[in-house]
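Residue-level listing of the chains:
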Amino acid sequence: MSRTLEPTVIDVAADFTRFPGGRYKSDGIFSGERFREECLVPALDRGAKVVIKLDGTMGYGSSFLEEAFGGVVRSGRFTPQELQDRLVLETSDPSLYDEIVEYLTSAIH
Amino acid sequence: MLNTSPQLSIEINGAPPPAAKSLDLAAFAPAILAAFFVGMGWIVVERYARRREIRSDLRDAADLFEDTVDDIVAMACKFYLLAGADPHSVSLATSIKSKIQALSPLIDVLSGGGIRVDARDAIRLFRQAVTGGSFESITRGALPESSPMFTKMEAAGQDLVQIVRLSVFQTLIDRKASKPKRRPLRRPVPQKDASEGVKPASLV
């Protein structure tokens, strides 16, 4: 009998930083690249859904978001469809949600 | 204990009290009428004042939104005129991101006031214009004043402000238009064949 895995929850403000910024690791210690490699990809590797709580930070730059989420698509380890199915974005800012979805789907079009 | 007041004794005897005898409603009519008109006038004035206050609050919220966008563009211009490694650019970057994050709650405030604003696309495009590309990259060089980046950010900011301004005006106009109209004196007589041969706009 198969068991549904518990979703992995990443609260960016609590589990990563309140000050995410920069694209590459060379740009700062809380860059999009580091978030992708240390939080996002390991969570996706566990195989369950990944809930990402985006509220509570001091704001996101598009460079951070593009590197974190677009970078996962570019890595080729997960298909855009798989990412859309497994990632659950929680945010009070609808424009932030749209932007991340745009980075996730850009590889499809 | 017995009440022995003179008034009580009058009532007991079945005679009307002296005051009731001289009560003349017609004498009070002008005063009642005046009080009625004062009351009605007060209601009308209060209603208009409240409406003006709501309109003014909505315009204030739209002004605050515009000021925030202008601040962001001004800070972003300063930011891109500095090199990425400049210590001042780090604090500017944090302020820019924080202010951009405040835009959606401001839209929520307008929506709470009944303004139908759909600015999520415009906010996304604005954020991408300001904080995309090499934003916060340490290796980024200072941009020259002639860089098209500044025009791009300014244009995205103006688009966003325009959307909000237009939404505010549109809602205020709609509210004026939806005021209850006076009933026509005569009901219009329907024309017998007026609608024949006319198709709905979507089918034309």
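Above this text sits the structure in question.
Everything in this summary refers to the structure shown in the same document. Bear in mind that the values here come from a model prediction, so they are computed numbers and not experimental data.

## Digging into the nonpolar core
One broad trend across soluble globular proteins is that nonpolar side chains are buried collectively.
Item 1. Grouped together as the largest cluster of nonpolar side chains are 37 residues, with contacts concentrated most on B:I96, B:F126 and B:L160.
Item 2. Sorting the residues of this core by element identifies α3 (25–81), α4 (87–101), α5 (103–112), α6 (120–131) and α7 (148–177) of chain B as the ones contributing at least two each.
Item 3. No other element matches the 11 residues that α3(B) contributes to this core.
Item 4. When residues no more than four places from it in sequence are discounted, the contact partners of B:I96 are B:I72, B:M75, B:A76, B:F79, B:V130, B:T131 and B:F135.
Item 5. Within the second largest apolar cluster, 27 residues are counted, among which are A:I10, A:C39, A:A43 and A:L54.

## Section: the pattern of salt bridges
Item 1. Following the criterion strictly, the structure yields 21 salt bridges over all chains and no others.
Item 2. B:E136 is paired through a salt bridge with B:K97; the nearest N and O atoms lie 2.9 Å apart. Placement of the pair is B:E136 in the loop between α6 and α7 and B:K97 in helix α4, with a sequence separation of 39 residues. In this structure, B:E136 and B:K97 share a single accessibility class: buried.
Item 3. Among the charged side chains, a network of salt bridges with common partners joins A:R23, A:K25, A:R36, A:E37, A:E66, A:E67 and A:R74.

## Things to note about empty space enclosed by the protein
Residue and element names in this part refer to chain B.
Item 1. Enumeration according to the criterion identifies 1 cavity of 30 Å³ or more in this entry.
Item 2. With 3 residues, the single largest contributor to the lining of the largest cavity is α4.
Item 3. The residue inventory of the lining of the largest cavity, partitioned by class, reads 3 nonpolar, 2 polar and 3 charged.

## Let's talk about the interface of chain B and chain A
Item 1. Counting from both sides, the interface comprises 18 residues of chain B and, opposite them, 24 residues of chain A.
Item 2. The interface formed by chain B and chain A holds 4 salt bridges in total.
Item 3. Of the charged contacts in the structure, one is a salt bridge between A:D98 and B:R120, with a shortest N-O distance of 2.8 Å.
Item 4. Run the count over chain B and chain A and you get 19 residue pairs in polar contact (both at pLDDT 80 or more).
Item 5. Broken down by secondary-structure element, the contributors of at least two residues to the side of chain B that touches chain A are α4 and α6 of chain B.

## Focus on the side chain of A:E66
All names here are of chain A.
Item 1. For E66, the position within the fold is in helix α3 (residues 62–75).
Item 2. Looking at E66, the relative accessible area reads 18%, which means it is buried.
Item 3. Non-local contacts of E66, meaning those with residues more than four positions away in its chain, are made with R23, G71, R74 and Y103.

## Brief notes about the environment of A:K25
Residue and element names in this part refer to chain A.
Item 1. Of note, K25 is situated in the loop between α1 (12–16) and α2 (32–45).
Item 2. C-alpha of K25 to C-alpha of L89: the two residues are 64 residues apart in sequence and 23 Å apart in space.
Item 3. Beyond its immediate sequence surroundings of up to four residues, K25 is in contact with S31, E33, R34 and E37.

Parameters and conventions
- Residues numbered from 1 in each chain as written.
- Chains lettered and ligands numbered in written order.
- Predicted model: local features only at pLDDT ≥ 70, side-chain atom pairs only at ≥ 80, totals over all residues.
- Heavy atoms only, no water.
- Core = buried A, V, L, I, M, F, W, Y, C linked by side-chain atoms within 4.5 Å.
- Buried < 20%, exposed > 50% of the residue type's maximum accessible area, 1.4 Å probe, protein only.
- Helix = DSSP H or I, 4+ residues; strand = E, 2+ residues; numbered from the N terminus.
- Contact = heavy atoms within 4.5 Å.
- Salt bridge = Lys/Arg side-chain N within 4 Å of Asp/Glu carboxyl O.
- 1 Å grid on protein atoms, 1.4 Å probe; cavity = no way out; pocket = protein on both sides within 12 Å on 5 of 7 lines; lining within 4 Å.
- Points joined across faces, edges and corners; volume = space filled by probe spheres on them.
- Nonpolar A, V, L, I, M, F, W, Y, C, P; charged D, E, K, R; others polar.
- Polar contact = N/O pair within 3.5 Å; in protein donor to acceptor, adjacent residues only side chain to side chain.

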